[in-house]
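# Geometric and topological summary
Now for the letters of each chain:
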Amino acid sequence: NTLATMTPTLLYALLLPSLATAVWKSTSRSSGLLAEKPRVPQAFLLGGQKCGSTSLFKNLEEWPKSDMCPGKSLAGEPGFYRKEKHFFDHATPEKLRDGIAHYSAHFDVCPTDSLLMDGTPNYLCDTSTPKLLKTFYEVELGINSSAIKFVAVLRNPIFRAMSEYEHGVRSHWANFENKTWEAIVDEGIKSFSTKKVAAESSASLSSKVLPETTCKALEGGLYSLQLRHWLQHFKSEQLLIVSFQQLLFEPGVTMGAVAKHLGLPHRDFSQTFNANSGQYKQPVVSQRVVDFFKEHNDDLTLLRKEYPQCFLDTPGSRFRFIEDPKVF
């Protein structure tokens, strides 16, 4: 009689424990919650691309693994996957769900209590990432996303785009090879103009729609738009934003602020690593490039007034961009 009244799952639990475990895991996943929580980062270095994020990451490596651990690159992956895992950029919920074990394996070398970090610079400019990341942490993993910390380093967007272009040409990237700087500028202005019109047409009187951005040369420097996407999904106190100039010329103050934000013990920095540095042939900066970024730089100034707590901007360390092209 007792057996007859048992649910099938409970009956399996008594008779076939291994099968019961499999049923529980299957049920948990279908309900949007993994039964066994994998190890995932509590901190993200968002980028931006060609803004000094690798230099900042190298500074963070001065802390022992017991404090901060970026994990490792796995077999078959390029070495830079130790810093950047590229799990959430250009992803879908299905790809995240299927790949979580692989993602978690990057961090199996990390001590139990260390801060895990993913330093993928595409996360800032790929504006589909913040919603995907938050949903995945909360719905799939059952992790409170309000505890995650984010750091972004920004650079004069004109010099950032130039640096990416020169890097892309030297590295034979398909989207830059055999293209002039002016051709890249033409493509970037036209592409974003189309996205902006589409966003405006889908907006309503009560709801403003932010255009999406990708990590293409010009769009990669639309920081205010990218940050507004992130601030739609995460609290301002979770995000710290520093400039490339601060990192380069005020490493002690900058890394002190980063360490405090991430909850790391204080360390003294008299100089910063200057990773991926090189001598670039500087394209001519046309007025239309300056005009293209002006609206977004002005909006970044407004964003700093709206969310002053996000920016490292004190009397002793002002948030600003390098204007001298010789230092770009």
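Residues numbered from 1 in each chain as written. Predicted model: local features only at pLDDT ≥ 70, side-chain atom pairs only at ≥ 80, totals over all residues. Heavy atoms only, no water.

### Side note on the nonpolar core
The line we're drawing: For the purposes of this section, nonpolar cores are sets of buried Ala, Val, Leu, Ile, Met, Phe, Trp, Tyr and Cys residues that join through side-chain atoms within 4.5 Å. Relative accessibility under 20% of the residue-type maximum defines a buried residue, over 50% an exposed one, and the middle range a partly exposed one, all with a 1.4 Å probe and only protein chains included. Residue contacts follow a heavy-atom distance rule, with two residues in contact if any of their heavy atoms lie within 4.5 Å.
Grouped together as the largest cluster of nonpolar side chains are 59 residues, with contacts concentrated most on Phe 44, Leu 56, Leu 60 and Phe 88. Residue contacts for Phe 88: discarding those within four places in its chain leaves Phe 44, Leu 96, Tyr 103, Tyr 123, Thr 129, Leu 132, Leu 133, Phe 136 and Tyr 137. Within the second largest apolar cluster, 18 residues are counted, among which are Phe 176, Ile 184, Leu 222 and Phe 293.

### Quick notes on the sheet that holds strand E3 (residues 115–118)
Spelled out, the test is: Each pair of strands is called paired provided DSSP finds at least two bridges between the two strands. Elements are defined by DSSP. Helices are runs of H or I of four residues or more, strands are runs of E of two residues or more, and each kind is numbered from the N terminus. To get an axis, a line is fitted to the C-alpha atoms, and for a helix only the part in contact is used. The angle between two axes follows their N-to-C directions and goes from 0 to 180 degrees.
Here five strands make up an open sheet; going across it, the order is E2-E3-E1-E4-E5 and the pairing parallel. Here the strands that pair on one side only, and so sit at the sheet edges, are strand E2 (68–69) and strand E5 (239–243). Here strand E1 (residues 43–47) runs beside E3; their pairing, made up of two bridges, is parallel. When the bridges of E3 are listed, Phe 44 appears paired with Asp 118. Set on the sheet, helix H4 (residues 53–60) makes contact with E1, E2, E3, strand E4 (149–154) and E5; between it and E1 the angle comes to about 150°.

### Re the state of the cysteines
Rule in force here: Two cysteine sulfurs form what is called a disulfide whenever their separation falls within 2.5 Å.
A full pass over the atoms with the stated rule returns two disulfides. Sulfur-sulfur distance for the disulfide between Cys 69 and Cys 110 comes to 2.1 Å. With the S-S bond torsion at -70°, the cross-link from Cys 69 to Cys 110 turns out left-handed. Placement of Cys 69 in strand E2 and of Cys 110 in the loop between helix H5 (93–105) and E3 is noted, with a sequence separation of 41 residues between them. In this pair, the class of Cys 69 matches that of Cys 110, namely buried. In the chain, the cysteines engaged in disulfides, taken in order along the sequence, are linked 1-2, 3-4. This cysteine, Cys 51, is not joined by any disulfide, and Cys 125 carries the nearest cysteine sulfur, 9.0 Å off. Relative accessible area serves as the criterion here: at 0%, Cys 51 is assigned to the buried category.

### Side note on the pattern of salt bridges
Under the convention used in this document: A pair is scored as a salt bridge if a Lys or Arg side-chain nitrogen falls within 4 Å of a carboxyl oxygen belonging to Asp or Glu.
Applying the stated criterion across every chain yields a total of 15 salt bridges. We note a salt bridge from Asp 108 to Lys 72, for which the minimum N-O separation is 2.9 Å. Residue Asp 108 is found in the loop between H5 and E3, and its partner Lys 72 is found in the loop between E2 and H5; the two are separated by 36 residues along the sequence. By relative accessible area, Lys 72 is classed as partly exposed at 27%. Glu 84 is paired through a salt bridge with Lys 83; the nearest N and O atoms lie 3.0 Å apart. Overall, Glu 84 belongs to the buried group, its relative accessible area being 11%. For Lys 83, a relative accessible area of 7% corresponds to the buried category.

Read these as layout, nothing more, since geometry by itself doesn't imply function.
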